[in-house]
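Take a look at the letters that make up each chain.
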Amino acid sequence: MLSDAYRPEVVLVPAPAPRKNHKVLGRLSLPERTFVADALRTETVGGVLLLAAAIAALIWANTPIRESYESVRDFHVGPAALGLDLSIEHWAADGLLAVFFFVAGIELKRELVAGDLKDPRAAALPVVAALCGMAVPALVYTLVGVIGGGSLAGWAVPTATDIAFALAVLAVIGTSLPSALRAFLLTLAVVDDLFAILIIAVFFTENLDFAALGGAALGLAVFWLLLRRGVRGWYVYVPLALVIWGLMYNSGVHATIAGVAMGLMLRCTTRKDEGEQRSPGERIEHLVRPLSAGLAVPLFALFSAGVAVSGGALGEVFTRPETLGVVLGLVVGKAVGIFGGTWLTARFTRASLSDDLAWPDVFAVSSLAGIGFTVSLLIGELAFAGDQALTDEVKAAVLMGSLIAAVLSGVLLKIRNAKYRRLWEDEERDEDLDGIPDIYEQDNPAYHLRMAEIHERKAAEHRRLAEVTGGASEENDGPA
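Notes on the structure follow. Because the structure is predicted, anything quoted here is derived from the model rather than measured.

Calculation notes
Residues numbered from 1 in each chain as written. Predicted model: local features only at pLDDT ≥ 70, side-chain atom pairs only at ≥ 80, totals over all residues. Heavy atoms only, no water. Helix = DSSP H or I, 4+ residues; strand = E, 2+ residues; numbered from the N terminus. 1 Å grid on protein atoms, 1.4 Å probe; cavity = no way out; pocket = protein on both sides within 12 Å on 5 of 7 lines; lining within 4 Å. Points joined across faces, edges and corners; volume = space filled by probe spheres on them. Nonpolar A, V, L, I, M, F, W, Y, C, P; charged D, E, K, R; others polar. Phe/Tyr/Trp six-rings, centres within 6.5 Å; stacked < 30°, edge-to-face > 60°. Buried < 20%, exposed > 50% of the residue type's maximum accessible area, 1.4 Å probe, protein only. Core = buried A, V, L, I, M, F, W, Y, C linked by side-chain atoms within 4.5 Å. Contact = heavy atoms within 4.5 Å. Axes fitted to C-alpha atoms, helices over the stretch in contact; angles between N-to-C directions. Parallel < 35°, antiparallel > 145°, perpendicular 65-115°, else oblique. Patch = residues over 30% accessible without salt bridge, like charges linked within 9 Å, V, L, I, M, F, W, Y side chains within 5 Å. Areas by Shrake-Rupley, 256 points an atom, 1.4 Å probe, with all protein chains shown as cover. Salt bridge = Lys/Arg side-chain N within 4 Å of Asp/Glu carboxyl O. Lys, Arg positive; Asp, Glu negative; His and termini not counted. Left-handed = near helix turned anticlockwise from the far one by under 90°. Polar contact = N/O pair within 3.5 Å; in protein donor to acceptor, adjacent residues only side chain to side chain.

1. A few points about the environment of Val243
Here comes step 1: Positionally, Val243 belongs in helix 8 (residues 234-251).
Here comes step 2: Separated by 28 residues in the primary sequence, Val243 and Gly215 have C-alpha atoms spaced 9.1 Å apart.

Here it is, written out as structure tokens:
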């Protein structure tokens with residue numbers, strides 16, 4: 001037997017704590033919820049304007065005055081000496097959409113440095129879902145094209161999601177979608193926009209002017225340097241942004257790249273030591289977002305969605321491989337891709353779905369993401385630039401696919417609308433009237449003390465009323 005001096009010491013190592021499952025599409029933090037609500041409020045109004053502009057374009061292009069639509073759309077304006085003698089349609093697609101992508105760049109930067117995407121575990125879900133939601137539609141289009149013998153040039157058309165149009169659908173059907181699902185949709189669209197702009201930059205850039213590209217890069221460097229030095233004033237940045245945009249356009253790279261690049265350069269973190277309440281990126285986004293959602297995107301829709309639509313043309317959408325691929329990509333590919341990516345992320349990251357939601361809710365939102373209007377129209381124009389007839393047919397397919405996705409998701413969401421309304425009411429309830437929803441104060445003792453006082457006052461009032469009504473009843477029961 002070993003002596004005590006040589007007896008090996010037994011060290012008890014505590015077992016590692018079980019890994020806590022995180023919730024998929026759980027409740028947002030209060031700051032994130034406030035930001036999302038503000039952003040989506042503007043996008044919803046813009047979405048309604050976008051929907052109105054698209055309808056106006058279709059009516060304008062399919063009535064006896066359609067020649068005036070084509071005349072306005074194809075009218076050229078701009079300095080030819082600077083290579084900017086562009087049609088109104090091109091100004092809308094290359095110029096106004098740069099504002100849209102500028103806002104998208106700020107959104108993405110904020111999500112990465114200050115929002116939910118700052119946490120890698122939280123970022124995994126929308127990023128994987130967005131990637132799957134782009135890969136599967138592209139695969140669906142490619143399969144239809146290969147089987148039908150069509151052009152594969154439009155593989156990227158059904159990969160985009162239009163957040164403004166999707167929110168317009170939500171506004172029309174009147175669903176009170178919980179903030180977590182709305183945030184999921186918004187983040188999906190932001191990541192979607194980033195990859196869409198990368199697709200445009202990589203696959204739809206043919207002839208490069210390296211001198212103009214170098215000038216644009218130099219301009220972006222100056223833009224970044226001015227931001228880091230703390231230089232302020234719109235009169236400095238707006239002219240510089242216009243120069244960068246013009247050089248980017250002349251370089252052969254799609255000009256919207258300039259917008260997203262400048263958006264990503266803005267600082268989106270607050271400096272508490274300087275007393276900042278909002279970062280420069282958030283302030284600028286707050287100013288520019290209404291311009292993007294309320295003017296830039298609707299005008300783009302007005303001059304891009306005007307395609308001739310007839311019974312025969314709509315029938316051809318489901319018979320031609322290019323257009324059928326777009327429709328199936330948007331309706332089937334988007335829903336399957338996003339839902340599948342979300343489910344796989346939950347399955348392999350030990351995450352569980354929020355207790356308030358069910359997987360049919362995720363599928364409904366995934367179907368809603370099949371509304372690929374703005375960027376899909378833009379990619380359709382770039383993919384089939386040499387064939388105007390096919391471009392118009394693909395645009396009609398984008399409209400048809402987005403309409404089908406809107407109707408399908410609208411029906412699915414409407415079925416669950418009663419539950420969504422209850423969740424939304426719980427999120428909005430503020431019985432102590434302190435400006436903070438009660439659901440965020442359950443761990444705050446001061447909140448419960450305030451509620452106790454409120455209930456005590458109500459109880460005292462009910463006791464007083466009981467005494468008053470009781471006395472009145474005794475008088476009424478007395479002898480006549």
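2. Considerations on the layout of surface pockets
Here comes step 1: Within this model, the largest pocket holds a volume of roughly 1200 Å³.
Here comes step 2: Forming the walls of the largest pocket are 33 residues, and the residues nearest its centre are Phe102, Phe223, Tyr237, Val238 and Ile284.
Here comes step 3: If you list the elements that add at least two residues to the lining of the largest pocket, you get helix 3 (88-113), helix 7 (210-228), helix 8, helix 9 (256-265) and helix 10 (280-304).
Here comes step 4: Of the residues belonging to the lining of the largest pocket, the class tally is 22 nonpolar, 4 polar and 7 charged.

3. Quick word on the packing of aromatic side chains
Here comes step 1: With the rule as written, the count across this model stands at 9 aromatic pairs.
Here comes step 2: Each ring, one from Trp60 and one from Tyr69, has its centre 5.0 Å from the other, and the planes form 70°; the classification is edge-to-face.
Here comes step 3: Among the residues examined, Trp60 registers a relative accessible area of 21% and is labelled partly exposed.
Here comes step 4: Aromatic side chains Phe339 and Phe363 sit 5.7 Å apart centroid to centroid with 80° between the ring planes, which places their arrangement in the edge-to-face category. Highlighted residues: Phe339 in helix 12 (residues 321-348) and Phe363 in helix 13 (residues 359-368), separated in sequence by 24 residues.
Here comes step 5: The class of Phe339 is partly exposed, set by a relative accessible area of 24%.

4. So, the nonpolar core
Here comes step 1: Core analysis: the biggest nonpolar cluster contains 102 residues, and Leu185, Met262, Val326, Leu368, Ile371, Phe373 and Leu413 have the highest contact counts within it.
Here comes step 2: Top element by residues in this core is helix 6 (residues 179-203). It accounts for 12 residues.
Here comes step 3: Discounting chain neighbours no more than four positions away, the residues touching Phe373 are Leu50, Ala54, Asp162, Phe165, Ala301, Ala305, Val398, Leu399 and Ser402.
Here comes step 4: Ranked by size, the runner-up nonpolar core spans 5 residues in total, among them Leu84, Leu86, Ala98 and Trp245.

5. Quick word on the packing of helix 2 (residues 66-74) against helix 10
Here comes step 1: Two numbers describe how helix 2 lies on helix 10: the axes approach to 10 Å, and their chain directions differ by 125°. As summarised for this structure, helix 2 and helix 10 are arranged oblique, according to the angle between their axes. Note on element contacts: helix 10 touches helix 2 through Leu302, Phe303 and Ser304, opposite Tyr69, Val72 and Arg73.
Here comes step 2: In the contact of helix 2 with helix 10, the residues fall into 4 nonpolar, 1 polar and 1 charged.

6. With respect to a nonpolar patch on the surface
Here comes step 1: Judged by side-chain polarity, Trp234, Tyr235, Val238 and Leu242 come together as a nonpolar surface patch covering roughly 520 Å² of accessible area.
Here comes step 2: Mapped onto the fold, Leu242 is located in helix 8.

7. Structural notes on the pattern of salt bridges
Here comes step 1: What the rule picks out here adds up to 12 salt bridges.
Here comes step 2: Across the pair Arg267 and Glu276 runs a salt bridge, and its minimum N-O distance is 2.9 Å.
Here comes step 3: For Glu276, a relative accessible area of 10% corresponds to the buried category.
Here comes step 4: Among the salt bridges present, the one from Glu461 reaches Arg464, with a minimum N-O distance of 2.7 Å. With Glu461 and Arg464 both in helix 17 (residues 445-477) and 3 residues apart, the pair spans about one turn of that helix.
Here comes step 5: For Glu461, a relative accessible area of 36% translates into the label partly exposed.

8. What about the side chain of Asp162?
Here comes step 1: Tracing the backbone shows Asp162 in the loop between helix 4 (120-148) and helix 5 (163-173).
Here comes step 2: Among buried charged residues, Asp162 stands out as having no salt bridge; its nearest opposite-charge side chain is Arg289, 11 Å away.
Here comes step 3: Non-local contacts of Asp162, meaning those with residues more than four positions away in its chain, are made with Leu50, Ile371, Gly372, Phe373 and Thr374.

9. What about the packing of helix 8 against helix 9?
Here comes step 1: Two elements in contact, helix 8 and helix 9, have axes whose closest approach is 8 Å; the angle formed by their N-to-C orientations is 140°. Comparing their axes, helix 9 and helix 8 come out oblique. As helix 8 runs across helix 9, the sense of the crossing is right-handed. The segment helix 8 lies against helix 9, with Ala241, Ile244, Trp245 and Met248 engaging Ile257, Ala258 and Met262.
Here comes step 2: Of the residues in the contact of helix 8 with helix 9, the class split is 7 nonpolar, no polar and no charged.

10. Here's the deal with the side chain of Thr161
Here comes step 1: If you trace the backbone, Thr161 turns up in the loop between helix 4 and helix 5.
Here comes step 2: You can call Thr161 buried: its relative accessible area is 7%.
Here comes step 3: A polar side-chain atom of Thr161 sits 3.2 Å from a polar atom in the side chain of Lys334.
Here comes step 4: When sequence neighbours within four positions are dropped, the list of residues in contact with Thr161 reads Asp192, Asp193, Lys334, Ala369, Ile371 and Gly372.

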